[in-house]
Structure formats: C-alpha cells, structure tokens
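Each chain is listed here by its residues.
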Amino acid sequence: MGSNIFITETTIEGEGDGDAPLAGTTVAVKDNISTAGVRTTCGSEMLEEYVPPYDATVVSRLTDAGATIVGKANMDEFGMGSTTETSAFGATDNPAAPGRVPGGSSGGSAAAVAAGEADLALGSDTGGSIRCPAAFCGVVGIKPTYGLVSRYGLVAYGNSLEQIGPFAETVEDAAALLDVIAGPDERDATTREPETNGEQPGYADAATGDVDGLSIGVPTELLEGADEGVLEVFWDALGELEDRGATHHEVSLPSVEHAVEAYYVIAMSEASSNLARFDGVRYGRSGGYDGNWNETFATARQEGFGDEVKRRILLGTYALSAGYHDKYYKKAQDARAWVKQDFDRAFDEVDVLASPTMPVPPFERGESLEDPLQMYLADANTVPVNLADLPAISVPAGETDGLPVGLQLVGAAFDERRLIRAASALA
Ligand code: GLN
C-alpha cells in the first residue's frame, strides 16, 4: 500500500538566485490550488484532466521566492472531508501513524511534510482542513486571518470561510512560508494589508518562543467530549507554556455549541453555488450531448462528482431554496455573528485561546466513511475559527498511545505574530 501523497508529481522550478527567501526548499501544493500547465484535480474525477491556464497568486509568490514545487498533494474531493478518503484518487496513509488517516482535507500536504517528501506545503482551510491534518500528522499548520492570503486561483468550496496556509515541521518554517504568501493581491478584493501594531512585519522573526506574561484562555466548551488521552497531552503542553511564564484562565464561548451546524449550513450552501460551474461544458469531464442540455449537465455531474460532494450540493441547494432560506441559511448567518461576538469578548480578557485541535486522535482508515455526521462533529474545535474569520495554528503537543495530538491556538484578527511567538515555544 503506497502512501499516495501526491495526485500529480511534477517539478516547477523556482526563480531567482540563492538569496531568494525560499531558495533550495521544496514545497507540496494542495491540488485545489491552480498551477499553470499542471493539472489541478481538486481530488475529483470531474477535474481529472483539467489543466489551468494560470497560476494561483500563492504559486507565483512561491516560485518568485525561489521554492521548487514538487507535487500536487492529495485531498478530500473539493476539500470536503476530514480524512482525505473522499479523494477520487484513493486514500493517503498517515506517515506518523501508519494505517490511520492523515486528516483532511489537506491530508496529502501534511503527509508530504511528515514523510519528508517536501520541506514545506500549502493547504487550504475552510473549516479545519489545515489544522486537522497538521494535528493528525504531527506537523505545524497555520490558518491565516481571512483576507491575509490571496485566494486567487484557489478553486472555491466555501469562499467566505477559506484561506490558504502553510505546513512545516517547525513554527518558524511555517511562518517563513507565510511571509512569502501573505499580503494584499489586486486579484482578490478580500485581501488587505494587515496591521502590524508597530511590531516587526516579519512572521518568521516572531518565532522567539517567548510566552512570558501571555494570558491563555481555555474555552471549556472546546474540551467537552474530547478523548481523555488527547486532554492529557493538551494539559501537559499547556503546563509547559506556564513553566515559561504564561498563565491560563477558563473562558466560555457559549455560541460554539452551534458552530458545527452553522458551519455546515453555510459551507454546503456556498459549495452548492460554487460547484454549479462544473457542468462538463466549461470545465471538466463532458456529459456528451444528444439533444438535451439538462441531461448533458446531469450526466457530467452524476459521473464526475463523488457521494460526499453530491450530498453537500443537495443539502446546500435545499438550505438556500426559497421556502427554507430563512429557516436554515439566515439562522446560520445569525449564529455566525454570535460566534464572532463571543470571540471578540474573549479577546478582551485574554491574549490567545487554546484547545486540542481535534477532540480525537487520527481515525483508522475506513472508520469514518460510514458515518458522515460523526465526521462533521470531529470539526467542533476548528470550524468556529473560520466562522469568526480568525487566525489559528495547530502545533504538535505530544502523543497518546503513539498517535500525534495537536494543540490549537486562536488569536484576534491579524494577530498571527502573537500566535507564532507562543506556538514556537512548543515546536
Ligand atoms: N471537514 C470540514 C469540511 O468537510 C473542513 C474542510 C475544509 O476545511 N476544507 O467541510
């Protein structure tokens, strides 16, 4: 059984000389990020042969910085999943826990770093898809503040929720990759210049490990229902931060009890709209044509999409439909506003929030496919962050029964430097 990390192996050489910031480094890129001339499948049969005519902004920033791209990494189909098992190109094994899933949806990216197939990797995080595989594979992953990194050339799943972000073995290396990809892009109007609050602008420079005086909030709701072994590792890691001068306080985020429901309504609604473009005419596999366009579209979508993608398009279309819009979509937007408010209130009291990234250790392969609801619930600690547009980092905290456990730190908007400084005390 191969590890199946890449959907497409390739070499896209970096530019510039040995002084470029990422000269001599290799990077794996999730296969929903467009690469000119190299197929970009999104883990879907629909796009099995789709070759983009242009590079995503993050890809041109990578090659301008001297990095060499070594492959397009495996992923859950269109980013929908937490195990990389919904990929049409087969599952990926977890290099840190053989026989287990690498997490998802950016499982190939995290596995590439964990297996040493690439120094660094890019993933995308709509509801945890960078942090979950980082936690499961024992590497570092950063989900940037919404608007810090350009989404131009990222194939959209839930466009109001997602950001591209880095993976690496260490916080400092992940931060160095963030330095290269972050910043405004005229091709993505949601990007903006982050405030530096008078601090040094570099992210990698912030990786000092200094947590003296840092006040860490622990949201009680994000510990509920977590696996005991995971909690033990979490508290040990928190203890390490306290030994270095941090303090911790219990805080409450009552709204997060509703975050999974709100997230899935919003993500599926956006997905149903974003994926409407895949009709077999403009992109992707053809549905043939025998005189009826509706049937042509239906055939392309019937054959090109997998079960999880179809489930979400159906549910998302339902949630947006005239009779149910107010009952589901609008309610979910109200919950989203409430989650934002809760986080704002928490950051009036503490500097950062900490929790286990995932409430459970990596699943055995095949375990979660039977029960989609169970898989959605595993996202409880990651999705609130996307609803609130905030930055977060998952950093290796230790192991339970030989399985990696990640600690998640969440910060106020554009407070990546503080997260990087704190997380670098652990990895
Ligand atoms: N597991 C979540 C989902 O399936 C997160 C996915 C993601 O962040 N792309 O929607």
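These lines cover the structure that appears in this document, whether it is placed above or below. (Residues numbered from 1 in each chain as written. Predicted model: local features only at pLDDT ≥ 70, side-chain atom pairs only at ≥ 80, totals over all residues. Heavy atoms only, no water.)

Moving on: the overall build of the protein chain. Each helix and strand counted, the protein chain has twelve helices and eleven strands in total. Computed over the C-alpha atoms, the radius of gyration of the protein chain is 20 Å, within 12% of the 22 Å expected from 2.2 N^0.38 for a compact globule of 427 residues. Projecting the C-alpha coordinates of the protein chain onto the three principal axes gives extents of approximately 70 × 55 × 45 Å. Within the protein chain, the proportion of its 427 residues that are buried is 60%. Counting every atom, the protein chain has about 16,200 Å² of accessible surface; 46% of that belongs to carbon and sulfur. (Helix = DSSP H or I, 4+ residues; strand = E, 2+ residues; numbered from the N terminus. Rg over C-alpha atoms; globule rule 2.2 N^0.38 Å. Buried < 20%, exposed > 50% of the residue type's maximum accessible area, 1.4 Å probe, protein only. Areas by Shrake-Rupley, 256 points an atom, 1.4 Å probe, with all protein chains shown as cover.)

The topology assignment puts Ser215 in strand β7 (residues 215-219). Aside from chain neighbours lying at most four places away, what touches Ser215 is Thr247, His249, Glu349, Val350, Asp351 and Val352. (Contact = heavy atoms within 4.5 Å.)

Let us look at the environment of Arg192. Topologically, Arg192 is positioned in the loop between α4 (171-181) and β7. In this structure Arg192 comes out as partly exposed when scored by relative accessible area, which is 37%. Expressed as a C-alpha distance, the spacing of Arg192 and Leu148, which sit 44 residues apart in the sequence, is 6.3 Å. If near-sequence neighbours (up to four positions away) are discounted, Arg192 is found in contact with Gly147, Pro184 and Phe414.

This brings us to the sheet that holds strand β10 (residues 392-400). Strand order in the open sheet formed by eleven strands is β1-β3-β2-β4-β6-β5-β10-β11-β9-β7-β8, and the pairing between neighbours is mixed. Both outer strands of the open sheet, β1 (6-12) and β8 (247-251), are each paired with one neighbouring strand and no more. On average, each strand axis in the sheet is tilted by 25° relative to the strand beside it, whichever way the strands run. Along the sheet, helix α5 (residues 228-243) contacts β7, β8, β9 (352-356), β10 and β11 (403-410); its crossing angle with β10, the most-contacted strand, is approximately 115°. (Pairing = 2+ DSSP bridges. Axes fitted to C-alpha atoms, helices over the stretch in contact; angles between N-to-C directions.)

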